[in-house]
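Take a look at the letters that make up each chain.
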Amino acid sequence: MNEFLSFAVTYLPYLLKGALVTIEIAVVGVIFGSILGIFVGLGRVSKNPLLSQISRFYIWVIRGTPLLLHLFIIHFAIPSVFPSLTMPPFVSACIALSINAAAYIAEIARGAIQSIDKGQMEAARSLGLSSRQAMRRVIIPQAFRRMLPPLGNEFIALIKESSLVSTIALYDLLRTGQQIISSTYRYMEVFFLVGIIYLFLTTIMSFVVRKIENKVGAYE
Amino acid sequence: MISCENVVKSFNRLEVLKGIDLDVSAGEVVVMIGPSGSGKSTFLRCMNHLETPDSGTITINGSVVEPKESSLNKLRQDIGMVFQQFNLFPHMTVMENIIEAPVLLKKMTKDQAKKKAMELLKKVGLSEKADEYPNRLSGGQKQRVAIARALAMEPKVMLFDEPTSALDPELVGEVLAVMKQLAKEGMTMVVVTHEMGFAKDVADRVLFMDGGVIVEAGSPEDIFEHPKNERTKEFLGHLK
Ligand SMILES: Nc1ncnc2c1ncn2[C@@H]1O[C@H](COP(=O)(O)OP(=O)(O)OP(=O)(O)O)[C@@H](O)[C@H]1O
Ligand SMILES: [Mg+2]
């Protein structure tokens, strides 16, 4: 036990550095994924058939293929054809994660927009607001609040799924663990520590999500 | 003020309005009654084009309403609407609910709009609720805020679709009182309601709708005391 503790103390700083990378790409993924996702989600509920078809197609393709494939396409396939698009692993990871998250967040946004009572749009229109003004001032602010809990869950999912970036040589939490193993051969201890850190991150986030849920519920 | 001519509206194959004519003059209070599904709400919603009529014309103040987004937005500013379910914006305070449209559409400054809103809140008896969120209000209070919100656009006509049907019985009176006051001040109103007392007190005309047509129209006394049409008689029988 003592021996394990001193091992943990030695390598924890490295693992935490990896965890920071994991958090960074998950945060970037959820932020850019939200921005892109809200637009795709708006397109999905748009009356314009072209916009809604494009959004539908995007969601269909991204959700129907694995994240690992997106990662490989962005990091290996595209640069193999266009060498100028070669990017550091961190950038590729952020792009892939954002694109991937956007498809899921688009569905979250669509669900949230459609969950707003029809009477809200009608009341806004009856006052003379255009449909764009009604969306912006009445529907989206309410939908956004309802999106927060599922967005938090998406962030938790991203923390876990982002471990796939270890395959493109990005030193996130998992890859850092593997690196330590390659010099120490202490599989059990390292993966145990890695697991504890993931669990710590996701548990904190779950707690935050629950807090937000209560807050959102209170005003409705 | 409002004039509807041969308004027809179908949903899928169901013809809900079968050619309705109605003239409402300035200052008049018209009450519409009729069984569920007879098309009262649909007719009201056609007046401000929340539903687009399939045919027929609706004229406001002498100009025909064109089904074009920009002219409809303008039109709706002149027609206030109050809904059965209140439809207050839950993410805005009472004050924000009321000033939203005037600030956005009438180019009022926030201060002007707030001053106006306070007057309206006083009128509906809710001055002290300006900073509350709607979920903290009773049904009757919500509906009075909804009326104030509609009035903030200074509409020429107010449409009410069963404004008291979702309320607990003891809260109906406070909303009707506000509406009566409004009628007394000369507001032009079209009201779908089954509150006979209200109709008898303030209606200039009562319309009985059934099956997508106006079956019978007349003074409250004509309709409630001496209905001529069989269907009207039967319906009033059910109400009692
Ligand atoms: N958006 C819609 N799509 C399809 N059918 C509709 C729609 N709106 C109303 N209807 C139908 O049109 C008919 C008339 O409805 P409407 O709401 O105008 O009746 P109403 O007289 O207001 O009844 P109530 O007293 O129940 O409010 C009903 O049969 C209803 O099911
Ligand atoms: Mg109705």
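Whatever comes next refers back to the structure up there.
Keep in mind the model is a prediction, meaning the values are calculated, not measured.

Visitor: Sorry, what's going on with the sheet that holds strand β4 (residues 55-60) of chain B here?
Guide: Across a sheet, paired strands are connected by hydrogen bonds in the backbone, their directions being either parallel or antiparallel. All names here are of chain B. Read across the open sheet, the four strands follow the order β2-β1-β4-β5; overall the sheet is antiparallel. Of all the strands in the sheet, the pair left with one neighbour each is β2 (14-24) and β5 (63-64). Here strand β1 (residues 2-11) pairs with β2 via eight bridges, running antiparallel. Across the sheet, residue phenylalanine 11 finds its bridge partner in β2, namely leucine 14.

Visitor: Where do I start with the pattern of salt bridges in this structure?
Guide: Where charged atoms of side chains with opposite charge meet at close range, the side chains can pair. Taken as a whole and assessed by the stated rule, the structure comprises 20 salt bridges over all chains. Note that A:Glu122 and B:Arg45 form a salt bridge whose closest N and O atoms lie 2.8 Å from each other. In this pair, A:Glu122 is assigned in helix α5 (residues 118-126) and B:Arg45 in helix α1 (residues 40-47), connecting two distinct chains. The same class applies to A:Glu122 and to B:Arg45, which are both buried. Between B:Glu225 and B:Lys200 there is a salt bridge, and its shortest N-O distance comes to 3.9 Å. Of the two residues, B:Glu225 sits in helix α8 (residues 220-225) while B:Lys200 sits in helix α7 (residues 196-202), which places them 25 residues apart along the sequence. Connected via shared salt-bridge partners are A:Arg44, A:Arg63, A:Glu107 and A:Arg110.

Visitor: Where do I start with the packing of aromatic side chains in this structure?
Guide: In this description, an aromatic ring pair is defined by two values, namely the gap between the centres and the angle between the planes. For the structure shown, the criterion picks out seven aromatic pairs over all chains. With a centroid separation of 6.4 Å and an interplanar angle of 50 degrees, the aromatic rings of A:Tyr187 and A:Phe191 are classed as tilted. With a gap of four residues between them, A:Tyr187 and A:Phe191 both fall in helix α8 (residues 187-219), about one helical turn apart. Relative to B:Phe235, the ring of B:Phe208 lies with its centre 5.3 Å away and its plane at 35 degrees, an arrangement referred to as tilted. Within this pair, whereas B:Phe208 is found in strand β9 (residues 205-210), its partner B:Phe235 is found in helix α9 (residues 230-239), the two being separated by 27 residues in sequence. Connected via pairs of aromatic rings, a cluster forms that spans A:Phe7, A:Tyr11 and A:Tyr14. A:Arg175 extends its terminal NZ or CZ atom over the ring of A:Tyr171, reaching a point 5.2 Å from the ring centre. Taking NZ or CZ as reference, B:Arg149 lies 4.4 Å from the ring centre of B:Phe89, over its face.

Visitor: Just checking my understanding: could you explain the sheet that holds strand β8 (residues 188-192) of chain B for this structure?
Guide: Residues and elements named next belong to chain B. Strand order in the open sheet formed by six strands is β6-β7-β8-β3-β9-β10, with mixed pairing between adjacent strands. Taken across any chain shown, the strands that pair with only one partner, and hence form the sheet edges, are β6 (79-82) and β10 (213-218). Neighbour to neighbour, the strand axes of the sheet diverge by 20 degrees on average, direction disregarded. When strand β7 (residues 157-161) meets β8, the two strands line up parallel, connected through five bridges. In the strand pairing of β8, leucine 159 is matched with valine 190. Across the sheet, α1 is in contact with β3 (29-33), β6, β7, β8 and β9; its angle to β7 comes to roughly 155 degrees.

Visitor: Explain the nonpolar core to me, please; I cannot follow it from the model alone.
Guide: For soluble globular proteins, the rule of thumb is that nonpolar side chains tend to be buried together. All names here are of chain B. Counting 86 residues, the largest nonpolar core has Phe43 and Met47 as its most contacted members. Setting aside residues up to four positions removed in sequence, phenylalanine 43 forms contacts with Cys4, Leu17, Ile20, Leu22, Met32 and Met209. By size, the runner-up hydrophobic cluster in this structure holds 52 residues, among which are Val94, Met108, Ile147 and Met179.

Visitor: Please explain a nonpolar patch on the surface as it appears in this structure.
Guide: All names here are of chain A. Together, Leu69, Ile73, Ile78, Val81, Phe82 and Leu85 give the surface a local cluster of nonpolar side chains, amounting to about 510 Å² of exposed area. In this fold, leucine 85 is placed in the loop between α3 (67-81) and α4 (89-115). A relative accessible area of 42% means that leucine 85 is categorised as partly exposed.

Basis of the calculations
Per chain, the residues get numbers from 1 upward, laid out in the order the sequence is written. Chains and ligands are labelled sequentially in the order written, the chains with letters from A and the ligands with numbers from 1. Only residues with pLDDT of at least 70 get local features here, since the model is predicted, and only at 80 or more are side-chain atom pairs given and counted; chain-wide, interface and lining totals rely on the full set of residues. Each side-chain value is derived from all of the structure's non-hydrogen atoms; neither hydrogens nor water enter the calculation. The pairing criterion for strands is at least two bridges between them, as found by DSSP. By definition, any uninterrupted DSSP run of H or I lasting at least four residues is a helix, any uninterrupted run of E lasting at least two residues is a strand, and each is numbered from the N terminus. By convention in these notes, a salt bridge is any Lys or Arg side-chain nitrogen within 4 Å of a carboxyl oxygen on Asp or Glu. For the exposure calls, accessible area comes from a 1.4 Å probe over protein chains only, and a residue counts as buried if that area is under 20% of its type's maximum, exposed if over 50%, partly exposed in between. Whether two aromatic rings pair depends on their centres lying within 6.5 Å, for rings of Phe, Tyr and Trp, where Trp uses its six-membered ring; planes under 30 degrees apart make the pair stacked, over 60 edge-to-face, and the rest tilted. Note on geometry: a ring has a charge over it if NZ (lysine) or CZ (arginine) is within 6 Å of the ring centre and within 35 degrees of the ring normal. To get an axis, a line is fitted to the C-alpha atoms, and for a helix only the part in contact is used. The angle between two axes follows their N-to-C directions and goes from 0 to 180 degrees. Contact between two residues is taken to exist if any of their heavy atoms lie within 4.5 Å; hydrogens are not considered. Joining through side-chain atoms within 4.5 Å is the link that ties buried Ala, Val, Leu, Ile, Met, Phe, Trp, Tyr and Cys residues into a set, and such a set is a nonpolar core. Two distance rules govern patches: like charges are joined within 9 Å, and nonpolar side chains (Val, Leu, Ile, Met, Phe, Trp, Tyr) within 5 Å, applied only to residues with over 30% relative accessible area and no salt bridge. The Shrake-Rupley method, run with a 1.4 Å probe sphere, supplies the accessible areas, and residue values consider only the shown protein chains as cover.

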